[in-house]
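Examination of the molecular architecture
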Amino acid sequence: MKRSRRVRTTVGRVDEAVLRYTAGRDIELDAALVEADCLGSMAHATMLSRLRTRPPILRARDLAAIRRELAAIARAARAGRFRIRPADQDVHLAIERTLTERLGDLGKRIHTARSRNDQVALDLRLYSREQLIGTADDAAGLAAALLAFAARHAAVPMVGRTHMQPAMPSSVGLWASAWVDDLLDDLALLMGAFETNDQCPLGSAAGYGVPLPIDRRLVADLLGFGRVAHNVIHAAHTRGKVDSVILFALGQAMLTLSRLAQDLILFSMPEFGYFILPAAFCTGSSIMPQKRNPDVLELVRARAARVMGAAHEVAEILRASPSGYNRDLQETKEPLMEGFASTRSSLRVMRGLVAGVAIDEAALRRGFTPDVFAADRALELVAGGVPFRDAYDRVKADLASLAKRDPAKAIAKKRHLGATAGLGLDALASRIESAAHWVDAERRDASDVYRRLLGVRPRQP
Ligand code: ARG
């Protein structure tokens, strides 16, 4: 039998192939967690230095040295100069190794009273906090672009459809501001996911606590968390569970985007010609010289499927995972990170695209066949006292008589809440504004934590 090649890691010797298999994509993916890991380590070290154990685990002057090295690692990571080696297995051991190389015994003390299990759970909470703030910002940006589009074309008639068939008079303003309302619901879900994410798992260690008088609340406060993930097993369970909550919220935003993309593809087809997509957001064909394809919109549609897939992937990994830490949980990292990346890039590209969409008012008007006014006419008869079913039958018998109707007048008559002449765009604007305030306040708090603990500014993702 072939003898296996063994590699020395910080935590024992392992077969090389096994190391590669178990580390999986951690070596690359963990690059996104270096700064979070430094931040968490600093909060943890600060807490250790305040413990009244005799002899002390860390002294005040040790803390200054640790802070200096952690800040240096965070800066190196930002400049793309911090390397996680395969023998490190992941970011946690890479940082511990680096600290030990530079600080000797002090580096060896940093892992007191913690485990990689609570460490990675914490890193992902810090990473997700930043990413959720960024996602909310991106979603508010797209909502603002859609609102501006709605305001520009508020009173332009457009056929409303059910079953994709012409149904009733509607407007471009109504169509566009519907997506704003949808996105504001998605924003509320993202903020809800932020709340769930806002709990500090550190101190759970392997999942069962430690026989040292650690101060979990202090660590949570230093890191700017709203609360401690109380029960230590529950704290271990936040890994994967919170990620799944986040992915379902991201998935909702992607569902909105995908349906919007589908409408834009449809209504910009020459057969409709309602909308003209900005040329810079369309791509050509290698064989057909005339082509301008809506590839961006098609990819948004497909990536929505992938983000929903990622949400299900994480939920499925959790479903079969017993209580406490199991290595299965490592596999939730990739879908989480890719879910954020896809959702955020989709929100951003759609913002630019929407800002550049032009409309063809004449084509929009051509969509108004006489039957589109049928229900409105029946309701006019009702207002004059005719029972609805009789009005319905009368209109149905003579649809041709609706030929001379003016779509602009029809949409001006729907004045109730949320209809074509009751869009309430100002209310939407102030909801977007409060989302933007939320983003600013949370971003400020999160970067204060970095400044206070490490003296560095966080990347602004
Ligand atoms: N890379 C690992 C993960 O993402 C870190 C935790 C490893 N813990 C362990 N007990 N092997 O889950």
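Residues numbered from 1 in each chain as written. Predicted model: local features only at pLDDT ≥ 70, side-chain atom pairs only at ≥ 80, totals over all residues. Heavy atoms only, no water.

**Some details on the overall build of the protein chain**
In plain terms, the rule: Numbering goes from the N terminus for both helices and strands, where a helix is a DSSP run of H or I of at least four residues and a strand is a run of E of at least two. As defined in this context, the radius of gyration uses C-alpha atoms, and a globule is described by 2.2 Å times the residue total to the power 0.38. We call a residue buried when its accessible area falls under 20% of the maximum for its residue type, exposed when it is over 50%, and partly exposed in between, using a 1.4 Å probe and counting protein chains only. Note on contacts: a residue pair is in contact if any heavy atoms of the two residues lie within 4.5 Å. Accessible areas in this description were obtained via Shrake-Rupley with a 1.4 Å probe; residue shielding takes into account the shown protein chains only. In this tally Asp and Glu are treated as negative and Lys and Arg as positive; neither His nor the chain ends contributes. Charged side chains are reduced to one point each, which is NZ for Lys, CZ for Arg, CG for Asp and CD for Glu.
Within the protein chain, the secondary structure is distributed over 17 helices and 8 strands. Relative to the compact-globule value of 23 Å for 461 residues, the protein chain shows a C-alpha radius of gyration of 28 Å, a clear excess of over 25%. Across the 461 residues in the protein chain, those meeting the buried criterion constitute 51%. Once local pairs closer than 6 in sequence are excluded, the contacts in the protein chain between residues at least 24 apart make up 78%. Of the roughly 22,200 Å² of accessible surface on the protein chain, a fraction of 54% belongs to carbon and sulfur atoms. Both charge centroids of the protein chain, one from 66 positive and one from 53 negative side chains, sit 5 Å from each other.

**Quick notes on unusual backbone geometry**
Proline 55 follows arginine 54 through a cis peptide bond whose omega is -10°. As for its placement among the helices and strands, proline 55 is situated in the loop between α3 (34-49) and α4 (60-78). Backbone geometry places methionine 164, a non-glycine residue, at a positive phi of 70°. Following the sequence through the fold, methionine 164 ends up in the loop between β3 (157-162) and β4 (165-171). Its identity is not glycine, yet alanine 205 carries a phi of approximately 55°, on the positive side.

**A closer look at the nonpolar core**
How we decide: Here, nonpolar core means buried Ala, Val, Leu, Ile, Met, Phe, Trp, Tyr and Cys residues that are tied together by side-chain atoms lying within 4.5 Å of each other.
Grouped together as the largest cluster of nonpolar side chains are 131 residues, with contacts concentrated most on Trp175, Leu264 and Phe275. If we ignore the near neighbours within four places in the chain, the residues touching phenylalanine 275 are Phe149, Met158, Val172, Trp175, Leu264, Phe267, Ser268, Val357, Ala358 and Ile359.

**A word on the site of the ligand**
This is how the line gets drawn: Put simply, a residue is near a molecule or strand once any heavy atom of it comes within 4 Å of that molecule or strand. Polar contacts, as counted here, are pairs of nitrogen or oxygen atoms within 3.5 Å of one another; within protein the pair requires one atom able to donate a hydrogen and one able to accept it, and residues that are adjacent in sequence qualify only if both atoms are side-chain atoms. For this classification, Asp, Glu, Lys and Arg are treated as charged, while Ala, Val, Leu, Ile, Met, Phe, Trp, Tyr, Cys and Pro are nonpolar and the rest, including Gly, are polar.
The ligand sits among Asp26, Asp90, Arg116, Asn117, Val120, Arg239, Tyr325, Arg327, Gln330 and Lys333. One nitrogen or oxygen atom from the side chain of tyrosine 325 is found 2.4 Å from an oxygen atom belonging to the ligand. The separation between a nitrogen atom of the ligand and a polar side-chain atom of glutamine 330 is 3.0 Å. Considering the ligand on its own, with 340 Å² of exposed area, one finds that the protein chains cover 86% of that surface. Looking at which element gives the most residues to the shell around the ligand, the answer is helix α7 (residues 116-152), with 3 residues. Each residue belonging to the shell around the ligand can be placed in one class, and the counts come to 2 nonpolar, 2 polar and 6 charged.

**Notes on the pairing of β4**
As a reminder, the rule being used: Strands qualify as paired when DSSP identifies two bridges or more between them.
Looking at chain direction, β3 and β4 are connected through 6 bridges and run antiparallel. Directly across from methionine 158, in β4, lies its bridge partner serine 170. Connecting β3 to the next strand, β4, in antiparallel fashion are 2 residues, including histidine 163 with a positive phi near 55°.

**Some thoughts on the side chain of arginine 125**
Position of arginine 125 among the secondary structure elements: in helix α7. Since its relative accessible area comes to 0%, arginine 125 is described here as buried. Polar contacts involving the side chain of arginine 125 include one to the side chain of asparagine 197, which spans 2.5 Å. Excluding its chain neighbours within four sequence positions, the residues that come into contact with arginine 125 are Asn197, Gln199, Pro201, Phe225, Thr238, Arg239, Val242, Asp243 and Ile246.

**Some points on the pairing of strand β1 (residues 6-9)**
Here is the key point about a regular strand: its side chains alternate between the two faces of the sheet. Burial along β1 is one-sided: Val7 and Thr9 are buried, while Arg6 and Arg8, pointing the other way, are not. Relative to strand β2 (residues 12-15), β1 runs antiparallel, the two sharing 4 bridges. Counted as the bridge partner of valine 7 is valine 14 from β2. Hairpin geometry of β1 and β2 is characterised by an intervening segment of 2 residues between the two adjacent antiparallel strands.

**Thoughts on the packing of α3 against helix α17 (residues 425-454)**
Where we set the bar: Helix axes are fitted to C-alpha atoms over the stretch in contact, other axes to C-alpha atoms as well, and angles between N-to-C directions run from 0 to 180 degrees. Any angle that is under 35 degrees is reported as roughly parallel, and any over 145 degrees as roughly antiparallel; angles of 65 to 115 degrees are reported as roughly perpendicular and all others as oblique. Two helices crossing with the near one rotated counterclockwise from the far one by less than a right angle form a left-handed crossing, whereas a clockwise rotation gives a right-handed crossing.
With their axes 10 Å apart at the nearest point, α3 and α17 run at an angle of 55° to one another. Considering the angle they form, α3 stands oblique to α17. Crossing hand, α3 versus α17: left-handed. Listed contacts from α17 to Glu35, Ala36, Cys38, Leu39, Met42, Ala43 and Thr46 of α3 are Val449, Tyr450, Leu453 and Leu454. Split into classes, the residues belonging to the contact of α3 with α17 amount to 9 nonpolar, 1 polar and 1 charged.

**Remarks on helix α5 (residues 91-103)**
Spelled out, the test is: A helix is expected to span 1.5 Å for every residue after the first.
The terminal C-alpha atoms of α5, which comprises 13 residues, lie 18 Å apart, in line with the 18 Å expected from a rise of 1.5 Å per residue. Where burial is concerned, most of α5 is hidden: 10 out of the 13 residues are buried. Those residues of α5 not exposed but buried are Val91, His92, Leu93, Ala94, Ile95, Glu96, Arg97, Thr98, Leu99 and Leu103. Against the buried residues of α5 lie α3, α4, α6 (105-109) and α7.

**Let's talk about the packing of helix α14 (residues 374-383) against helix α15 (residues 388-397)**
Two elements in contact, α14 and α15, have axes whose closest approach is 8 Å; the angle formed by their N-to-C orientations is 135°. The angle between α14 and α15 places the two elements in the oblique class. The two elements α14 and α15 cross, and the hand of that crossing is right-handed. On α15, the residues that touch Ala374, Arg377, Ala378, Leu379, Leu381 and Val382 of α14 are Phe388, Ala391, Tyr392, Arg394 and Val395. Among the residues making up the contact of α14 with α15, the classes are represented as 9 nonpolar, no polar and 2 charged.

**Quick notes on the side chain of serine 204**
Following the sequence through the fold, serine 204 ends up in the loop between β5 (199-200) and α9 (216-222). Within polar-contact distance, the side chain of serine 204 engages the backbone oxygen of valine 232 at 2.9 Å. Apart from residues no more than four positions distant in its own chain, serine 204 is found in contact with Asp118, Gly209, Arg216, Val232, Ala235 and Ala236.

**Examining the pattern of salt bridges**
Convention followed: Just to be clear on terms, a salt bridge is a Lys or Arg side-chain nitrogen sitting within 4 Å of an Asp or Glu carboxyl oxygen.
Evaluation of the coordinates by the stated rule reveals 26 salt bridges. Where arginine 443 meets aspartate 137, a salt bridge forms, and the shortest distance between an N and an O atom there is 3.0 Å. Here arginine 443, found in helix α17, pairs with aspartate 137, found in helix α7; they are 306 residues apart in sequence, far enough to count as distant. The partner of glutamate 380 in a salt bridge is arginine 405, and the shortest N-O contact between them spans 2.8 Å. Linking glutamate 380 in helix α14 with arginine 405 in the loop between α15 and α16 (407-412), this pair joins segments that are 25 residues apart in sequence. Among the residues examined, glutamate 380 registers a relative accessible area of 27% and is labelled partly exposed. Judged by its relative accessible area of 25%, arginine 405 falls in the partly exposed class.

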